[in-house]
Amino acid sequence: MQTNPRLNIRQVIWANPVGADLRAAQQAELDARFGTSDHEPGPPPSEADTAVFLVAHDKASGQPVGCGGLRIVDSCTAEIKRLYVLPYTRGSGVASSILAALEAHAHSLGITSITAEAGSVQTDGRQFYENSGFVPVPNFGPYIGLEHSYCYAKAIDSHSAAHTAMA
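Residues numbered from 1 in each chain as written. Predicted model: local features only at pLDDT ≥ 70, side-chain atom pairs only at ≥ 80, totals over all residues. Heavy atoms only, no water.

In the nomenclature of an unreviewed UniProt entry, the chain corresponds to N-acetylglutamate synthase-like GNAT family acetyltransferase from the organism Arthrobacter ginsengisoli.

As structure tokens, then:
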């Protein structure tokens, strides 16, 4: 689903070099925010468990501006992983557009619930999920018992992605 006329959002393989560069930029930012590189509980996402990985490009410049993926948890649940936009594009709708496209992909895969996690230093991420219709839920999976993790969930259907894109 293309939700932002200024973007081209494309599905790419996990190993795509542009996607890898965006994920590396995200991890470097998180390392700086947390003050350590040890801030992700559980196994990091990989090609083997990421059903969909998207990269958004600015149409005018062709430059990559963000990315995001879906990790399948079970037959009806997926977790948002590596949702990231470059700092200079924040607040311009890039993240919402990527999220809407991920929700559309999830729906097409038969997923009815998506989850997400943001850490204590990611106040912007937590606010983004809450503004996008996610509700706080008890920590799940590798986040159980972690004080610095905040978990969210959102039921999705055929109308969810369109609503997210308009938020």
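Additional details are given in the paragraphs that follow.
## Examining the UniProt feature "domain: N-acetyltransferase" (unreviewed entry) in the chain
Feature annotation in UniProt assigns "domain: N-acetyltransferase" (unreviewed entry) to the following positions: residues 7-157. Taken as a whole, residues 7-157 contains 28% helix and 34% strand, while its terminal C-alpha atoms sit 23 Å from one another. (UniProt positions renumbered as here; feature names shortened; annotations may be inferred. Helix = DSSP H or I, 4+ residues; strand = E, 2+ residues; numbered from the N terminus.)

## Things to note about the side chain of Gln26
With respect to the helices and strands, the residue Gln26 is situated in helix α1 (residues 17-34). Classification of Gln26 by relative accessible area gives buried; the value is 9%. One polar contact links the side chain of Gln26 to the main-chain carbonyl oxygen of Leu83, over a distance of 3.3 Å. With residues up to four places along the chain from it excluded, the contact list for Gln26 reads Arg82, Leu83 and Tyr84. (Buried < 20%, exposed > 50% of the residue type's maximum accessible area, 1.4 Å probe, protein only. Polar contact = N/O pair within 3.5 Å; in protein donor to acceptor, adjacent residues only side chain to side chain. Contact = heavy atoms within 4.5 Å.)

## Section: the pairing of strand β2 (residues 50-58)
Of all the nine residues making up β2, seven are buried; the element is thus mostly covered by neighbouring parts of the structure. Examined bridge by bridge, strand β1 (residues 7-11) and β2 share five bridges and lie antiparallel to one another. Each residue of the ladder has a partner; that of Arg10, found in β2, is Val55. The sheet contact formed by β2 and strand β3 (residues 64-74) spans seven bridges and is antiparallel. From the neighbouring strand, His57 faces β3, where its bridge partner is Pro64. (Pairing = 2+ DSSP bridges.)

## Structural notes on α1
Between its terminal C-alpha atoms α1 stretches 25 Å, which fits the 26 Å expected from 18 residues at 1.5 Å a residue. Looking at α1, one finds that the buried residues are Gly19, Leu22, Arg23, Gln26, Glu29 and Leu30. In a view along the axis of α1, the buried residues occupy a sector of 120 degrees, so they form one face of it. Of the exposed residues in α1, those oriented more than 90 degrees away from the buried face are Pro17, Asp21 and Ala32. As for α1, its buried residues are in contact with β2, β3 and β4 (77-85). Residue Asn16 occupies the N-cap position of α1, its side-chain oxygen lying 2.9 Å from the main-chain nitrogen of Val18. (Expected span 1.5 Å × (residues − 1). Arc of directions from axis to C-beta.)

## A few points about the state of the cysteines
With the rule as written, the count across this model stands at zero disulfides. The closest cysteine sulfur to the non-disulfide-bonded Cys67 is located on Cys151, 20 Å from its own sulfur. Cys67 gets classed as buried once you look at its relative accessible area, which sits at 0%. Cys151 takes part in no disulfide bond, and the closest cysteine sulfur, belonging to Cys76, lies 17 Å away. (Disulfide = S-S within 2.5 Å.)

## Things to note about the nonpolar core
Counting residues in each nonpolar core, the largest one holds 26 residues, and the members touching the most others are Leu70, Ile80, Ile98, Ile114, Tyr129 and Phe134. Elements with a minimum of two residues in this core: β1, β2, β3, β4, α2 (94-108), β5 (113-119) and α3 (123-131). Among the elements that line this core, the one with the most residues is α2, at seven residues. Apart from residues no more than four positions distant in its own chain, Ile80 is found in contact with Gly69, Leu70, Leu99, Leu102, Ile114, Thr115, Ala116, Tyr129 and Phe134. (Core = buried A, V, L, I, M, F, W, Y, C linked by side-chain atoms within 4.5 Å.)

## Quick notes on the pairing of β3
In this structure, the hairpin formed by β2 and β3 is closed by a connection of five residues, where Gly62 is found at a positive phi of approximately 80 degrees. Two elements, β3 and β4, share seven bridges in a ladder whose sense is antiparallel. Each bridged residue has a counterpart across the sheet, and for Arg71 the counterpart in β4 is Glu79. Linking β3 to β4, which pair antiparallel, is a turn of two residues.

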